[in-house]
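Okay, here's what each chain looks like letter by letter:
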Number of protein chains: 2
Amino acid sequence: MNTADLGLPVDVPSTALFTDQYELTMLQAALKAGTAERRSVFEVFTRRLPEGRRYGVVAGTGRVLDAVENFRFDEGQLGFLREQRIVDEETLAWLADYRFTGDIWGYPEGEVYFPGSPILRVEGSFAECVLLETVMLSILNHDSAIAAAASRMASAAGERPLIEMGARRTHELAAVAAARAAYVGGFATTSDLAAGFRYGIPTVGTSAHAFTLLHDHERDAFRAQVDTLGPGTTLLVDTYDVAEAVRTAVEVAGPELGAVRIDSGDLLLVAHRVRQQLDELGATETRIVVTSDLDEYAIASLAAAPVDAYGVGTQLVTGSGHPTASMVYKLVARAETADPGAPLVSVAKKSSGGKASVGGRKWAARRLDADGVAEAEVVGTGAVPAQLADRQLLVRLVEAGRVVAREPLDVARERHIAARANLPLSATQLSRGEPVLPTEYVHERSGS
Amino acid sequence: MNTADLGLPVDVPSTALFTDQYELTMLQAALKAGTAERRSVFEVFTRRLPEGRRYGVVAGTGRVLDAVENFRFDEGQLGFLREQRIVDEETLAWLADYRFTGDIWGYPEGEVYFPGSPILRVEGSFAECVLLETVMLSILNHDSAIAAAASRMASAAGERPLIEMGARRTHELAAVAAARAAYVGGFATTSDLAAGFRYGIPTVGTSAHAFTLLHDHERDAFRAQVDTLGPGTTLLVDTYDVAEAVRTAVEVAGPELGAVRIDSGDLLLVAHRVRQQLDELGATETRIVVTSDLDEYAIASLAAAPVDAYGVGTQLVTGSGHPTASMVYKLVARAETADPGAPLVSVAKKSSGGKASVGGRKWAARRLDADGVAEAEVVGTGAVPAQLADRQLLVRLVEAGRVVAREPLDVARERHIAARANLPLSATQLSRGEPVLPTEYVHERSGS
């Protein structure tokens, strides 16, 4: 895929420098030692969910595929590595030809995950796989953290739409990825134009307090907005006095006013008053949008309030207290020689301070109970038990360097809804608790 | 400045779509109403510091200047806005010619700030200023949050260098900005190659556990690394047994081994044991680097341990509990007509739910006590009192659309060290408390 086709507001000529220096120094040392070509398996997983969370949400997979395709070193980048003496000439020559030629399997985007779930499995030579660690983790850790928060908010909001409006609270490009992850997690729209441009996510927005303050009277501002955006627009009613603003809004736009937005104050109380006032003014179809520092708990607390839509900013883009997903990328198996046919042996860091890993190339499946509800995340090495064969979670994403699993973002969004619906009911309770599924390990009987 | 000169790993053809849709719909409504050209003053400030923090750190100013210069709409972007019917043709025509032509004043990068500090003041027509809100806040909120965490970590670390290594824990481009902000806040180096490429920040890195696991024996891995990176390299000693690894490391590299890295376990205990072992082996100059889930408190707790450098990842790039700085961009004054000579009137949202603003175009100064230590952040409208004239904080950043305050990143870094040193001693205590300086408001006597 040509990068130009990505339609990025920011063109990405290469993702190769989104990489920690040690990936390159390890490459150099392995090239010298003759171990760089050993066939290797790396896996992405997390040792734990954020405290109290019941499930994780895989997001960013599509972006990972873009990053892998665009991971190549151009002249400017190689020149930088040379000038800074980060690696030697032999390594630079190797990097100049770099293209990932291996295989990648993974949980499809939108799927849920649990501690130990092998969210991504990257297979190829040590050299070609190790380079991808940093950028893959950047994408998955960020996007999955946002999607998990979005999913909880979407559960809490029920049928009411959620608007992503956190661009101003996070890095300008993280914001675009956050809008994408929020959409996967269940948000309906975004305020971020770059997210609309890049990913086709529906964009929304009408006006801020500054627009009211620009005008001599609130009425002038409302009139100006309705004149050009039509009576179906959303008027912001809390710059001065809410009751007066609602009266003015309906006078200016008529009872066909689309919506009013409340951005401060006790939203529960104010929403009830505004609904009553709108109804008394005959604006019974006018919706109420609330947007003040919401998180999943605030959304849930407004479930019985006459609110029609929620706008969420800060808490969405910061993962509602958990801005990163703590996924790691670990070597779990590798060959003993550079021979392409050499068998793989499991490897793992030994337990010390809680950072031990489970070695071996893994499969994963979600076991269902008699009612068809998920009851365990089963992770294993070796052959997949027959009764789990059709419940496997990993799909092929890249085959011999070629991306084979592109899909529209809506597919991931629908997949998430289905995956969450298949979890035990307690998955969507907001209170802190344990992961809603236990992770069970099934180890290969013998052999390696 | 040509965008090509920015040397970005990611070229930024335009920052114009890093914008919330409502900035554009407000523009359209204001153009129609004849209010778009009213001279306006917007200010960036925060109503509060993150809970318990003593001071904030301004970071991202240099990136804001890049964003302003590159804020223009190209054909692809205008086509998107047209297709999606986000704004009308008149507005599109106006956007096609957009260049910011106003003035920007601000706290220079690296300076400290407090609640109410006017960190940035943007002056021009309403239309040209309102468009910049989203991208300016994205940059300042993200970068300042990271720099504040970095500053606390740097205080805790004292003379020992800090390595930024959080790229994998945040969005791949947020990571580059985070490395930059960390450098402003006092970090010495970064693992992120893109940050080295883009901003010239020194990069470091040697090897991960995967490199040890790739080899048949730990000794082979150490040998491979030392063979190509030299004995001055840093060997990772906690893949299996630390004591055995340290012994092997010194055998392989000799007593001139540069450093060992410990990435798990009880760092305090392990550092002491490793130091003793290294000394006994004659490797008295070999340094100890620790890198396991550190934050400012963990760094402080290691002050008396034989540690020579700290690597910080997750907690740095997530702002150590506060990943965003809650800055807002508010209209504080505007003219009553579109006449360029029309006087400004103060405007402000009325108090409701704690989101009130202080109107008026503001200056700021830091008042010193008799010993030359800062004692108050003074923010006012109107004339600056004579005794504060030479303690003013805002500097001119953009003059009639032209950036006039570019500076090397090291200048901001040095400025931060000086600004923090000028605060009362309690600024650097890590425990929760109030802002170390009070903010005092001085209002214009009369007139507007």
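Keep in mind it's a predicted model, so treat the numbers as computed, not measured.

Regarding its fold elements, chain A presents 15 helices and 18 strands. Taking the principal axes of its C-alpha atoms as reference, chain A extends roughly 80 × 60 × 35 Å. Looking at the 448 residues of chain A, the share that counts as buried comes to 62%. Considering only contacts in chain A between residues 6 or more positions apart, those separated by 24 or more positions represent 75%. Accessible surface, chain A: about 15900 Å² in total, of which carbon and sulfur atoms supply 49%. Side chains of chain A give 44 positive and 59 negative charges; the mean places of these two sets differ by 6 Å.

On to the interface of chain B and chain A, then. With 99 residues of chain B at the contact, the number on the chain A side is 99 residues. Of the roughly 8200 Å² buried between chain B and chain A on both sides combined, carbon and sulfur atoms contribute 61%. It is Arg168, Leu193 and Leu214 of chain B that lose the most area in chain B upon contact with chain A, and together they represent 10% of the buried surface on that side. Across the chain B-chain A interface, the total number found is 13 salt bridges. Between Asp216 of chain A and Arg38 of chain B there is a salt bridge; the shortest N-O distance is 3.0 Å. Where chain B touches chain A, the interface holds 56 residue pairs in polar contact (both at pLDDT 80 or more). Sorting elements by how many residues they give to the side of chain B that touches chain A places helix 1 (residues 21–33) of chain B first, with 11 residues.

Of the transformation placing chain B onto chain A, the axial shift is 0.0 Å and the rotation is 180 degrees, giving an RMSD of 0.0 Å. The symmetry that links the two subunits is that of a two-fold axis. Taken together, the interface assignments show that 100% of the residues at the interface of chain B recur at the interface of chain A, consistent with an identical surface on both copies.

This paragraph deals with the environment of Ala335 of chain B. Residues and elements named next belong to chain B. Looking at the element boundaries, Ala335 is found in strand 12 (residues 327–335). Overall, Ala335 belongs to the buried group, its relative accessible area being 0%. Considered as a pair, Ala335 and Ser125 are 210 residues apart in the sequence and their alpha carbons are 9.3 Å apart. The residues contacting Ala335, other than those within four sequence positions of it, are Arg38, Arg39, Ala342, Pro343 and Leu344.

What follows is about the packing of aromatic side chains. A full pass over the atoms with the stated rule returns 12 aromatic pairs over all chains. Ring centres of Phe42 of chain A and Phe126 of chain A lie 5.9 Å apart, and the angle between their planes is 35 degrees; on these two criteria the pair is classed as tilted. In this pair, Phe42 of chain A sits in strand 1 (residues 39–46) while Phe126 of chain A sits in helix 5 (residues 126–130), placing the two residues 84 residues apart along the sequence. A centroid spacing of 5.8 Å and a plane angle of 85 degrees characterise the contact between Phe71 of chain B and Phe73 of chain B, whose relative ring orientation is edge-to-face. The exposure class assigned to Phe71 of chain B is buried, which follows from its relative accessible area of 1%. Ring pairs connect the aromatic residues Phe71, Phe73, Trp94 and Tyr98 of chain A, which therefore count as one cluster. One Lys or Arg, Arg180 of chain B, reaches over the ring of Tyr199 of chain B and ends 5.3 Å from the middle of that ring. When the ring centre of Tyr183 of chain B is taken as reference, the NZ or CZ atom of Arg413 of chain B above it lies at 4.5 Å.

Opposite charge on two side chains permits pairing when their charged atoms draw close. Taken as a whole, this structure holds 59 salt bridges over all chains when the rule is applied. In this structure, Glu109 of chain A and Arg180 of chain A form a salt bridge, with 2.6 Å as the shortest nitrogen-oxygen distance. On the criterion of sequence distance, the pair formed by Glu109 of chain A in the loop between strand 3 (103–106) and strand 4 (112–113) and Arg180 of chain A in helix 7 (residues 172–185) is long-range, its members being 71 residues apart. Taking the relative accessible area as the measure of exposure, Arg180 of chain A reaches 5% and is therefore buried. Residues joined by salt bridges that share partners form a network here, namely Asp20, Glu23 and Glu133 of chain A together with Arg168 of chain B.

Glancing now at the nonpolar core. One finds Phe73 and Leu81 of chain A together with Phe73 and Leu81 of chain B to be the most contacted residues of the largest nonpolar core, which totals 155 residues. Once you skip the residues sitting within four places of it in the chain, Phe73 of chain A turns out to touch Ala16, Leu17, Leu78, Leu81, Leu95, Tyr98 and Leu131 of chain A.

Look at Ser320 of chain A: it is not a glycine, yet its phi comes out positive at around 45 degrees. Inspection of the secondary structure assignment puts Ser320 of chain A in the loop between helix 14 (314–317) and strand 12 (327–335). Judged by its relative accessible area of 11%, Ser320 of chain A is buried. Even without glycine at this site, Ala400 of chain B takes up a positive phi of about 50 degrees. By secondary structure assignment, the location of Ala400 of chain B is in the loop between strand 16 (395–399) and strand 17 (402–403). Overall, Ala400 of chain B belongs to the exposed group, its relative accessible area being 56%.

This part takes up the sheet that holds strand 9 (residues 259–262) of chain B. All names here are of chain B. Ordered in space as 7-6-11-10-9-8, the 6 strands form an open sheet in which the pairing is parallel. In this open sheet, the two strands that pair with only one neighbour each are strand 7 (189–190) and strand 8 (234–236). Here strand 6 (residues 162–164) runs beside strand 11 (residues 309–312); their pairing, made up of 3 bridges, is parallel. Within strand 11, the position partnered with Glu164 by the bridge is Val312.

What follows is about the pairing of strand 15 (residues 374–381) of chain B. Along any regular strand, the residues point their side chains to alternate faces of the sheet. Residue and element names in this part refer to chain B. Burial runs high along strand 15: 7 of the 8 residues are buried. In this antiparallel pair of consecutive strands, strand 14 (residues 362–368) and strand 15, the connection spans 5 residues, and Gly372 shows a positive phi of 85 degrees. Relative to strand 18 (residues 439–442), strand 15 runs parallel, the two sharing 4 bridges. Considered in strand 18, the bridge of Gly380 is made with Val442.

The next thing to look at is the sheet that holds strand 18 (residues 439–442) of chain A. Residue and element names in this part refer to chain A. With mixed pairing, the 3 strands of this open sheet are ordered in space as 14-15-18. Among the strands making up the open sheet, the edge pair consists of strand 14 (362–368) and strand 18. The sheet shows a mean angle of 25 degrees between the axes of neighbouring strands, direction not considered.

Cut-off values and rules
Residues numbered from 1 in each chain as written. Chains lettered and ligands numbered in written order. Predicted model: local features only at pLDDT ≥ 70, side-chain atom pairs only at ≥ 80, totals over all residues. Heavy atoms only, no water. Helix = DSSP H or I, 4+ residues; strand = E, 2+ residues; numbered from the N terminus. Buried < 20%, exposed > 50% of the residue type's maximum accessible area, 1.4 Å probe, protein only. Contact = heavy atoms within 4.5 Å. Areas by Shrake-Rupley, 256 points an atom, 1.4 Å probe, with all protein chains shown as cover. Lys, Arg positive; Asp, Glu negative; His and termini not counted. Charge placed at Lys NZ, Arg CZ, Asp CG, Glu CD. Buried area = accessible area lost by both parts, 1.4 Å probe. Salt bridge = Lys/Arg side-chain N within 4 Å of Asp/Glu carboxyl O. Polar contact = N/O pair within 3.5 Å; in protein donor to acceptor, adjacent residues only side chain to side chain. Least-squares fit on C-alpha atoms with pLDDT ≥ 70 in both. Phe/Tyr/Trp six-rings, centres within 6.5 Å; stacked < 30°, edge-to-face > 60°. Lys NZ or Arg CZ within 6 Å of the ring centre and 35° of its normal. Core = buried A, V, L, I, M, F, W, Y, C linked by side-chain atoms within 4.5 Å. Pairing = 2+ DSSP bridges. Axes fitted to C-alpha atoms, helices over the stretch in contact; angles between N-to-C directions.

Distances and angles like these do not, on their own, reveal function.
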